[in-house]
Amino acid sequence: MHSKQTLKPKRRMTPYLITVGVGFSMATGAIAAQDTQEEPMESEIPAPTIDTDGDGTMDAWDRSGDGKPDAWDTDGDGKPDLLDDDGDGKPD
């Protein structure tokens, strides 16, 4: 009997093809992860909705939905600084 000592070309290439496929999938995953990190993060605090001092700039929030301001941005940084904890419509 005669046995073949050489493997078929497809069978010889299989380990290389698997290695290349894994390498491409890892590279694609790294690029996708990098793209998601570059997106700007949105602020958790919504924009102010009430102009309490009449200057044309929104400077208070109505968090409770009762039509009265209950959080104020006194320094203009876009974040509430003074809160109305007792519900009287004035900063505490």
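Residues numbered from 1 in each chain as written. Predicted model: local features only at pLDDT ≥ 70, side-chain atom pairs only at ≥ 80, totals over all residues. Heavy atoms only, no water.

Further remarks concern the overall build of the protein chain. Counting secondary structure elements, the protein chain contains one helix and three strands. Mapped in sequence order, the helices and strands of the protein chain form the string α-β-β-β. When each of the 92 residues of the protein chain is scored for burial, the buried share is 12%. Accessible area of the protein chain: about 7900 Å², with a carbon and sulfur share of 58%. (Helix = DSSP H or I, 4+ residues; strand = E, 2+ residues; numbered from the N terminus. Buried < 20%, exposed > 50% of the residue type's maximum accessible area, 1.4 Å probe, protein only. Areas by Shrake-Rupley, 256 points an atom, 1.4 Å probe, with all protein chains shown as cover.)

Ordered by their spatial adjacency, three strands build an open sheet running E1-E2-E3, and the pairing between neighbours is antiparallel. Every other strand in the sheet has two partners, leaving strand E1 (60-61) and strand E3 (82-83) as the edge strands with one partner each. Where E1 lies against strand E2 (residues 71-72), two bridges are found, and the strand directions are antiparallel. Looking at the pairing, Trp 61 lines up with Ala 71 of E2. (Pairing = 2+ DSSP bridges.)

This part is about the pattern of salt bridges. Pairing of side chains with opposite charge becomes possible as their charged atoms draw close. In the structure shown here, the tally under the stated rule is one salt bridge. Asp 70 serves as the salt-bridge partner of Arg 63, at 3.5 Å between the closest nitrogen and oxygen. On the basis of relative accessibility, which here comes to 52%, the residue Arg 63 falls in the exposed class. (Salt bridge = Lys/Arg side-chain N within 4 Å of Asp/Glu carboxyl O.)

Relative to the elements of secondary structure, Gly 87 occurs in the segment after E3. For Gly 87, a relative accessible area of 44% gives the class partly exposed. Each C-alpha atom of the pair Gly 87 and Asp 66 lies 9.8 Å from the other, and the pair is 21 residues apart in sequence.

Looking at the protein chain, pLDDT values average 76 and 76% of them are 70 or higher. By mean pLDDT, the top-scoring element of the protein chain is E1 (88), and the lowest-scoring one is helix H1 (residues 9-37) (72). (pLDDT = per-residue confidence, 0-100.)

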